[in-house]
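# Understanding the architecture of this molecule
Letter by letter, the chains look like this.
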Amino acid sequence: HNRYTLYAIWTFAFATGVRAIVTPYVHPYEVSKLNNTALLRDKDSDSGLKAKLIWIPPKVKEQMDLYARFIGDAPDRALTREPCYLLSDKGKHLLVRPATIAQHMTNYLPGFPSGIHRRFMFNALLDSGCPPETVRVWMGHATVGDEPWSRNGSFSYALHRRALSAY
């Protein structure tokens, strides 16, 4: 179970740039069927001002659906409403948190920090020619005037999604 959970989380993390937060994953039903977008609040308070709209590549969405089916069929699924969870050595549900991810990742990638995906993808996107503005928004670092939620911002989410899908 844990291997599949970690695979789902890391696939999602590399695609979206989610920070090491409490439950760094969204339910697949929260992803728009129209354009594979979802709302992610990974650096925010209850205000919602720093939330970001994420685009989830089709292959990642497919993986999310498979994982949801996998844990949905688990006999103990009713024990949690979380979109993902880990199991202890004794089969107890563990909430997905930065510390539990790091603890379980040592079995597969010892020595890698839980936020390695953000630095790797930041450089990989820039090195591949992705526009810096797109990379900043993907990271959740939109600059003034480019904020996706600003009433006066010049940001185009359609162009952002198109650029991400190309890179």
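Keep in mind that this is a model prediction, so the values were computed, not measured.

Reading the values: rules and limits
Residues numbered from 1 in each chain as written. Predicted model: local features only at pLDDT ≥ 70, side-chain atom pairs only at ≥ 80, totals over all residues. Heavy atoms only, no water. Core = buried A, V, L, I, M, F, W, Y, C linked by side-chain atoms within 4.5 Å. Buried < 20%, exposed > 50% of the residue type's maximum accessible area, 1.4 Å probe, protein only. Helix = DSSP H or I, 4+ residues; strand = E, 2+ residues; numbered from the N terminus. Polar contact = N/O pair within 3.5 Å; in protein donor to acceptor, adjacent residues only side chain to side chain. Contact = heavy atoms within 4.5 Å. Salt bridge = Lys/Arg side-chain N within 4 Å of Asp/Glu carboxyl O.

Now for the nonpolar core. In this structure, Phe12, Tyr25, Val26, Ile56, Met64 and Ile101 are the most contacted members of the largest nonpolar core, which totals 27 residues. Of all the elements in the fold, those that place two or more residues in this core are α1 (2-16), β1 (37-40), α2 (58-72), β3 (85-87) and α3 (98-105). Residue contributions to this core peak at 7 residues, all from α1. Judged by nonpolar contacts, the second largest core, of 9 residues, contains Met121, Cys130, Trp138 and Met139.

Turning to the side chain of arginine 118, a few remarks are in order. Secondary-structure assignment places arginine 118 in helix α4 (residues 116-127). For arginine 118, the side chain forms a polar contact with the main-chain oxygen of glycine 17, separated by 2.5 Å. Residue contacts for arginine 118: discarding those within four places in its chain leaves Gly17, Val18, Arg19, Lys52, Trp138, Met139 and His141.

In this structure, threonine 23 is a non-glycine residue whose phi angle is positive, near 50°. Looking at where threonine 23 falls in the secondary structure, it is placed in the loop between α1 and β1. Take threonine 23: its relative accessible area is 13%, and that puts it in the buried class. Located in the positive-phi region is asparagine 36, a residue other than glycine, with phi close to 55°. Mapped onto the elements, asparagine 36 comes out in the loop between α1 and β1.

Pairing between side chains becomes possible if they bear opposite charge and their charged atoms approach one another. Taken as a whole and assessed by the stated rule, the structure comprises 2 salt bridges. Residues lysine 59 and glutamate 62 are paired through a salt bridge, measuring 4.0 Å at the closest nitrogen-oxygen approach. With a gap of 3 residues between them, lysine 59 and glutamate 62 both fall in helix α2, about one helical turn apart. A relative accessible area of 42% places glutamate 62 in the partly exposed class.

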